[in-house]
Amino acid sequence: MIWVDVLTSMKVDGKKTTIASLVAVILLLLVFNRNLTVLSMVLLPLILGIGVSVGLMVLLGLKLNFFNMLALPTIIGMGVDDGVHMMHRYRELGPGSARYVVRSTGSAVLLTSITTSIGFGSLLYANHYGLNSLGLLSVIGIGAALLTTLLVLPAAMQWRDNRREAT
């Protein structure tokens, strides 16, 4: 009986808390940026990273459970964190700096994402399926957000620069 209540709570509360954390992050970004273009570029790696993560979960047959659901707020935080750092540096240096931003700030973003993934990745060696799935989903989500931050976000920055030059 108790386990059924836990699972029901997980489905309902897990969805609520994940959406609440995402909304809180977006509102916080709006307060600090007040620019929808910058907001969309900061959120781009997160949204694409979540999409890639969901796709990999389907391919690997990994389902959300009580344990790995804890990875979702971490993935949201890391995905936004990576995008914020890259966009902050890009805005600081100005148009035409996307390549430099990847070389300089990208290495810091890479380091923070890898060290966090190593921490969660250590759960892959646990003897419990729930902890394993938490580690796996964390590594997948952080890795997907990292890749989209380092590959797609700079391309979006360059695209934005090219559009500005054309007008």
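Just so you know, these numbers come straight off a predicted model, no measurement behind them. The numbers attached to residues start from 1 for each chain and follow its sequence in the written order. Reporting in this predicted model follows two pLDDT cut-offs: at least 70 for local features of residues, and 80 or more for side-chain atom pairs to be given and counted; totals over whole chains, interfaces and linings ignore these cut-offs and use all residues. Note that water and hydrogens are dropped before the side-chain values are worked out from all heavy atoms of the structure.

1. Thoughts on the packing of helix H3 (residues 71-93) against helix H5 (residues 129-166)
And then number 1: For helices, the fitted axis covers only the stretch in contact; all axes are lines through C-alpha atoms, and the angles between them, taken along N-to-C directions, range from 0 to 180 degrees. Working definition: helices are DSSP H or I runs of at least four residues, strands are E runs of at least two. Numbering for both runs from the N terminus. Packing of H3 against H5 brings their axes to within 9 Å, and their N-to-C directions diverge by 25°. Comparing their axes, H5 and H3 come out roughly parallel. Remark: the crossing between H3 and H5 carries right-handed chirality.
And then number 2: Amino acids outside the nonpolar list (Ala, Val, Leu, Ile, Met, Phe, Trp, Tyr, Cys, Pro) and the charged list (Asp, Glu, Lys, Arg) are all regarded as polar, and Gly is one of them. Here the residues of the contact of H3 with H5 are counted per class, giving 16 nonpolar, six polar and three charged. Throughout this description, any angle smaller than 35 degrees is read as roughly parallel, any larger than 145 degrees as roughly antiparallel, any in the 65 to 115 degree range as roughly perpendicular, and the remainder as oblique. Take the far helix as your reference; a near helix turned counterclockwise from it by less than a right angle gives a left-handed crossing, and one turned clockwise gives a right-handed crossing.

2. Topic: H3
And then number 1: Expected span, for any helix, means 1.5 Å times one less than how many residues it has. The end-to-end C-alpha distance of H3 is 33 Å, a good match for the 33 Å that 23 residues give at a rise of 1.5 Å each.
And then number 2: Each residue's exposure class comes from its accessible area (1.4 Å probe, protein chains only) as a fraction of the maximum for that residue type: buried when under 20%, exposed when over 50%, partly exposed otherwise. Turning to H3, its buried residues are Ala71, Ile75, Ile76, Met78, Gly79, Val80, Asp82, Gly83, Met86, Met87 and Tyr90.
And then number 3: Positioned one or two residues after H3, Gly94 has a phi angle of 95°, which is positive.

3. Focus on the environment of Asp82
And then number 1: Relative to the helices and strands, Asp82 is located in helix H3.
And then number 2: For Asp82 and Ser113, which are 31 residues apart along the polypeptide, the C-alpha to C-alpha distance reads 8.1 Å.
And then number 3: A distance of 3.0 Å separates a polar atom in the side chain of Asp82 from a polar atom in the side chain of Ser113. Here a polar contact is taken to be a pair of N or O atoms separated by no more than 3.5 Å, where protein atoms must pair a possible hydrogen donor with a possible acceptor and residues adjacent in sequence count only if both atoms sit in side chains.

4. Quick word on the packing of helix H4 (residues 98-121) against H5
Pairs of packed helices are described in terms of their axes, by the angle between the two and the distance that separates them.
And then number 1: Contact pair H4 / H5: the axes reach a minimum separation of 9 Å and the direction vectors enclose 175°. The pairing of H4 with H5 is recorded here as roughly antiparallel in orientation. Contacts between H4 and H5 involve Ala98, Val101, Val102, Gly106, Val109, Leu110, Ser113, Thr116, Ser117, Phe120 and Gly121 on the former and, on the latter, Gly135, Ser138, Val139, Ile142, Leu146, Thr149, Leu150, Pro154, Met157 and Gln158.
And then number 2: Grouping the constituent residues of the contact of H4 with H5 by class yields 12 nonpolar, nine polar and no charged. By definition in these notes, contact holds between two residues if any of their heavy atoms fall within 4.5 Å.

5. A short note on the side chain of Ser53
And then number 1: With respect to the helices, strands and loops of the structure, Ser53 is situated in helix H2 (residues 36-60).
And then number 2: You can call Ser53 buried: its relative accessible area is 4%.
And then number 3: Apart from residues lying up to four places away in sequence, Ser53 is in contact with Ile140, Gly141 and Ala144.

6. Description of the confidence of the model for the protein chain
And then number 1: Residue-level confidence of the predictor, termed pLDDT, takes values from 0 up to 100. Taken over all residues, the pLDDT of the protein chain has a mean of 89, while the share at 70 or more is 95%.
And then number 2: The secondary-structure element of the protein chain with the lowest mean pLDDT is helix H1 (residues 2-33), recorded at 79, while H4 shows the highest, at 94.

7. Quick look at the pattern of salt bridges
And then number 1: Note on definitions: salt bridges are taken to be side-chain nitrogens of Lys or Arg within 4 Å of carboxyl oxygens of Asp or Glu. This structure, assessed with the given rule, holds one salt bridge.
And then number 2: The salt bridge partner of Arg89 is Glu92, with a shortest N-O separation of 2.4 Å. Note that Arg89 and Glu92 are positioned in helix H3 at a spacing of three residues, about one turn of the helix.
And then number 3: For Arg89, a relative accessible area of 22% gives the class partly exposed.

8. Section: unusual backbone geometry
And then number 1: One non-glycine residue, Arg34, adopts positive backbone phi at about 55°.
And then number 2: Counting through the fold element by element, Arg34 comes out in the loop between H1 and H2.

9. Brief notes about the environment of Ala71
And then number 1: In this fold, Ala71 is placed in helix H3.
And then number 2: When the C-alpha atoms of Ala71 and Ser138 are compared, they prove to be 5.3 Å apart, with 67 residues separating the residues in sequence.
And then number 3: For Ala71, the residues in contact, after removing those within four places along its chain, are Leu134, Leu137 and Ser138.

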